[in-house]
Amino acid sequence: MKGPPTAELLERIERDWHTARPDLDPQPMLTVIAVQRTSELLQTELEAFFAQHSLTPSAFDVLATLRRSAPPEGLTLGELAALMAITPPAVTKRVDVLTERELVERLPHPSDRRAIRARLTATGFGLVDGLLTAHLENEERLLADLSNDERRTLRMLLGRIR
């Protein structure tokens, strides 16, 4: 990330607003900027990590969701979309890419001819399991300055933003 560290930037923005418009409270803006800069930093770090493994964070999200949540017969694309909190068309695109790479396979639904199930291939299963430890170590590195209690509080607070 270019520019001053987030804390310095926020202090400068707050000072500048107090000078330019002392009648305004810039706290909402400062909070949103802090969340945005942190999100950008985390996204950049995750993209770099997964690029080393020829993946994107969104592709890994599909693999990890299928690994943790899918029964042996897989999940419908609608179920996968709901578990990932994304749209069905976005899931379809991601599954298409992973199917081409032979990490995910599409199977007909046993009782609904219109539905397709997605499940990990043996290669996909091995890839996601092989990356999980390194991925968690990378995320631990990114969160190292926060205690477990602070992490729980952060998750709770971010979960309240609508």
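Rules and cut-offs
Residues numbered from 1 in each chain as written. Predicted model: local features only at pLDDT ≥ 70, side-chain atom pairs only at ≥ 80, totals over all residues. Heavy atoms only, no water. Helix = DSSP H or I, 4+ residues; strand = E, 2+ residues; numbered from the N terminus. Buried < 20%, exposed > 50% of the residue type's maximum accessible area, 1.4 Å probe, protein only. Contact = heavy atoms within 4.5 Å. Areas by Shrake-Rupley, 256 points an atom, 1.4 Å probe, with all protein chains shown as cover. Expected span 1.5 Å × (residues − 1). Arc of directions from axis to C-beta. Axes fitted to C-alpha atoms, helices over the stretch in contact; angles between N-to-C directions. Parallel < 35°, antiparallel > 145°, perpendicular 65-115°, else oblique. Nonpolar A, V, L, I, M, F, W, Y, C, P; charged D, E, K, R; others polar. Pairing = 2+ DSSP bridges.

A.B. asks: Can you explain the overall build of the chain? Please cite residues and give values.
C.D. replies: In terms of regular secondary structure, the chain is built from seven helices and three strands. In the chain, the order of α-helices and β-strands from amino to carboxyl end is α-α-α-β-α-α-β-β-α-α. Projected onto the principal axes, the alpha-carbon positions of the chain cover approximately 65 × 30 × 30 Å. Evaluated residue by residue, the chain yields a buried proportion of 27% over its 162 residues. Pairs at least 24 apart in sequence give 49% of the contacts found in the chain among residues at least 6 apart. In the structure as shown, the chain presents an accessible area of about 10,900 Å², 56% of it carried by carbon and sulfur atoms.

A.B. asks: Before we move on, can you summarise helix α5 (residues 88-100) with the specific residues and values?
C.D. replies: For α5, which comprises 13 residues, the first-to-last C-alpha distance of 18 Å matches the rise-based estimate of 18 Å (1.5 Å per residue) to within 8%. Those residues of α5 that sit buried are Val-91, Val-95 and Leu-98. Mapping the buried residues of α5 onto a view down its axis gives an arc of 65 degrees, with all of them on the same face. Summarising the geometry of α5, the exposed residues directed more than 90 degrees from the buried face are Pro-89, Lys-93 and Glu-100.

A.B. asks: Describe the packing of helix α3 (residues 57-69) against helix α6 (residues 122-142), and please don't skip the residues or the numbers.
C.D. replies: In contact at an axis separation of 10 Å, α3 and α6 are set at 105 degrees when each is read in the N-to-C sense. Taken as axis vectors, α3 and α6 run roughly perpendicular relative to one another. Contacts between α3 and α6 involve Phe-60, Leu-63, Ala-64 and Arg-67 on the former and, on the latter, Phe-125, Leu-127, Val-128, Asp-129, Leu-131, Leu-132 and His-135. When grouped by side-chain class, the residues that make up the contact of α3 with α6 number eight nonpolar, one polar and two charged.

A.B. asks: Quick rundown of the sheet that holds strand β2 (residues 104-108)? Include the residues and the values.
C.D. replies: Pairing is antiparallel in the open sheet, where three strands are placed in the order β1-β3-β2. The sheet terminates laterally at β1 (75-76) and β2, the two strands that pair on one side only. Where β1 and strand β3 (residues 116-120) come together, two bridges link them in antiparallel fashion. Residue Thr-76 lies in a different strand from β3, and its bridge partner there is Arg-117.

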